[in-house]
Amino acid sequence: MKDTLIIVNPASAGGRTGRVWAAIAARLRDAGLEFDTAMTSCRGEAIELARRAVEEGRPLVVAAGGDGTINEVANGFFAGGEPIRSRSRLGVLPAGTGGDFVRTMGVPADMAEAARMLAEGSARPIDAGRVTCAVPGGGSAVRHFVNIADAGIGGDVVNRVDSGFRVISGEVTFMLASIQALLRYRNKPMRVVIDGEARELVAQQVVVANCQYYGGGMRVAPGAAPDDGLLDVVVAGDLGMWENVRGLSRIRKGTHLDGSSPKISHTLARRVEVSSPEMVRVDVDGEQPGTLPAVFEVQPAALQVVCPPRPAAPAGPEGQVG
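Residues numbered from 1 in each chain as written. Predicted model: local features only at pLDDT ≥ 70, side-chain atom pairs only at ≥ 80, totals over all residues. Heavy atoms only, no water.

Enquirer: Can you walk me through the overall build of the chain in this structure?
Expert: Tallying secondary structure elements over the chain gives eight helices and 17 strands in all. For the chain, the share of sequence-separated contacts (at least 6 apart) that also reach a separation of at least 24 residues comes to 74%. Roughly 13,400 Å² of accessible area belongs to the chain as shown, and the carbon and sulfur atoms make up 51% of that amount. (Helix = DSSP H or I, 4+ residues; strand = E, 2+ residues; numbered from the N terminus. Contact = heavy atoms within 4.5 Å. Areas by Shrake-Rupley, 256 points an atom, 1.4 Å probe, with all protein chains shown as cover.)

Enquirer: What am I meant to see in the pairing of strand β17 (residues 287-306) here?
Expert: For β17, a buried count of 15 out of 20 residues is recorded, marking the element as mostly surrounded by other parts of the structure. Judged from the four bridges that link them, strand β15 (residues 271-275) and β17 form a sheet pairing that is antiparallel. Bridge pairing in β17 places Val274 opposite Ala294. Where strand β16 (residues 281-284) and β17 come together, three bridges link them in antiparallel fashion. Directly across from Arg281, in β17, lies its bridge partner Thr291. With antiparallel pairing between neighbouring strands as the criterion, β16 and β17 make up a hairpin whose turn holds two residues, including Asp285 at a positive phi of roughly 55 degrees. (Buried < 20%, exposed > 50% of the residue type's maximum accessible area, 1.4 Å probe, protein only. Pairing = 2+ DSSP bridges.)

Enquirer: Looking at this structure, I do not really get the side chain of Gln204. What am I missing?
Expert: By the element assignment, Gln204 lies in the loop between β11 (197-203) and β12 (205-209). Gln204 gets classed as buried once you look at its relative accessible area, which sits at 5%. In this structure the side chain of Gln204 is engaged in a polar contact, spanning 2.7 Å, whose partner is the side chain of Asn244. (Polar contact = N/O pair within 3.5 Å; in protein donor to acceptor, adjacent residues only side chain to side chain.)

Enquirer: Looking at this model, I keep getting lost on the pairing of β16. Mind explaining?
Expert: Here is the key point about a regular strand: its side chains alternate between the two faces of the sheet. As paired strands, strand β9 (residues 148-152) and β16 are joined by three bridges and run antiparallel to one another. Following the sheet pairing, Ala151 is matched in β16 by Val282.

Enquirer: Would you take a moment to explain helix α5 (residues 111-120) for this structure?
Expert: An α-helical turn contains 3.6 residues, so a residue and the one three or four places further along point in the same direction. Along α5, the residues that are buried comprise Met111, Ala112, Ala114, Ala115, Met117 and Leu118. Those residues of α5 that are buried are in contact with α1 (16-30), β3 (60-65), β6 (89-94) and β17. Between a side-chain oxygen at the N-terminus of α5 and the backbone nitrogen of Ala112 the separation is 3.1 Å; the capping residue is Asp110. Just beyond α5, the residue with positive phi is Gly121, at close to 70 degrees.

Enquirer: What is the right way to read the confidence of the model for the chain from this model?
Expert: Low pLDDT marks stretches whose predicted atomic positions should not be read closely. Looking at the chain, the pLDDT average stands at 89 and 88% of residues meet or exceed 70. Considering only residues more than four positions removed or in separate chains, one finds that residues 311-322, a stretch of pLDDT under 50, has 30 contacts. (pLDDT = per-residue confidence, 0-100.)

Enquirer: Which parts of the structure should I look at to understand α1?
Expert: Taking 1.5 Å per residue as the helical rise, α1 with its 15 residues ought to reach 21 Å, and the 21 Å between its terminal C-alpha atoms agrees with that figure. Of all the bends found along α1, the most pronounced is centred on Ala22 and spans about 50 degrees. Along α1, the positions that sit buried rather than exposed are Thr17, Trp21, Ile24, Ala25 and Leu28. Among the structural elements, β1 (4-8), β2 (36-39), β3, β6 and α5 are those in contact with the buried residues of α1. Following α1 by one or two positions, Gly32 has its phi on the positive side, about 100 degrees. (Expected span 1.5 Å × (residues − 1). Bend = angle between axes of the 7 residues up to and from the residue.)

Enquirer: How should the pattern of salt bridges be read in this particular structure?
Expert: Applying the stated criterion to the full structure yields 16 salt bridges. With a shortest N-O distance of 3.5 Å, Lys188 and Glu278 are connected by a salt bridge. With Lys188 in strand β10 (residues 188-194) and Glu278 in the loop between β15 and β16, this pair connects stretches of sequence that are 90 residues apart. Judged by relative accessible area, which is 16%, Lys188 ranks as buried. For Glu278, a relative accessible area of 37% translates into the label partly exposed. Salt-bridge contacts for Glu273 lead to Arg271; the nearest nitrogen and oxygen are separated by 3.3 Å. On the basis of relative accessible area, Glu273 is assigned to the partly exposed category, the value being 30%. On the accessibility criterion, Arg271 (34% relative accessible area) is partly exposed. Salt bridges sharing partners connect three or more residues here, namely Glu82, Arg130, Arg271, Glu273 and Glu297. (Salt bridge = Lys/Arg side-chain N within 4 Å of Asp/Glu carboxyl O.)

Enquirer: Explain the nonpolar core here, please?
Expert: Most often, soluble globular proteins keep nonpolar side chains buried together rather than apart. Judged by nonpolar contacts, the single largest core of 48 residues is most densely connected at Ile6, Trp21, Val73, Leu93 and Leu303. Setting aside chain neighbours within four positions, we find Leu303 in contact with Ala74, Phe77, Phe78, Leu90, Arg124, Pro125, Ile126 and Val146. Ile194, Val282, Val284 and Val298 belong to the second-largest nonpolar core, a separate cluster that totals 27 residues. (Core = buried A, V, L, I, M, F, W, Y, C linked by side-chain atoms within 4.5 Å.)

Dropping the structure here:
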């Protein structure tokens, strides 16, 4: 058993990851990385593969895929809602439709550079988020996130992408799915409680962010830091269609929190509760664990992630950091 396990989602990037994995693996080994490989065959399997590796004490468990794959592997580092006590670290190879987590973390897109980064093994602690939400048929589910969770239109966008709406690239896919959702989505009445302070409003979405980007490069939380022990909360109120269309470019640039719109607010928090009398989907790193009501909580320094130690300031939504 090698120290490194790479969990590969061959279906990511529309199946391209599976088709080119042999070439990727050869480049990784040429760069000096020795590893075992586990291929997933269904949704949720990466969680169990990662959990087994963490419980075995593998020093490095790597997710090869998009944000959904990263989320599943990261969830394998938890049991019963809490981090598993282990020496294991989380690594990432970006190879999927969504690449938003790696933008904030500064993970290189080039496989040779990524392999060197993983082989060198420099890790830093980051926070995680924990979501407890309702599930169909009653009861609740717990899901952890490393990037961004939200309640509202974001879940509708993810539902469209998961239903087969895919085009040339991840960014274009999410952009077109977002435009479709904006044209059809109806804002919902919500009750939002942020660290004990409650407000009721009609809202498009409540974003709870550990990192900065979501939706294929939209910089929704430009000040979010994954190691500050806090979650960035962006509440988009009763925005109309044309406000949304005009605001898309501002969200991509991260300039929407400059105070020019009274319908958009931002704050930092440790705990956020969101409920609604209507059905509202919850989106967690591009996955859909359930619906409102939901509770979002920060778990400080819950994970050790292999990545550049001090990512530079983001270069912008079209490119990655570093």
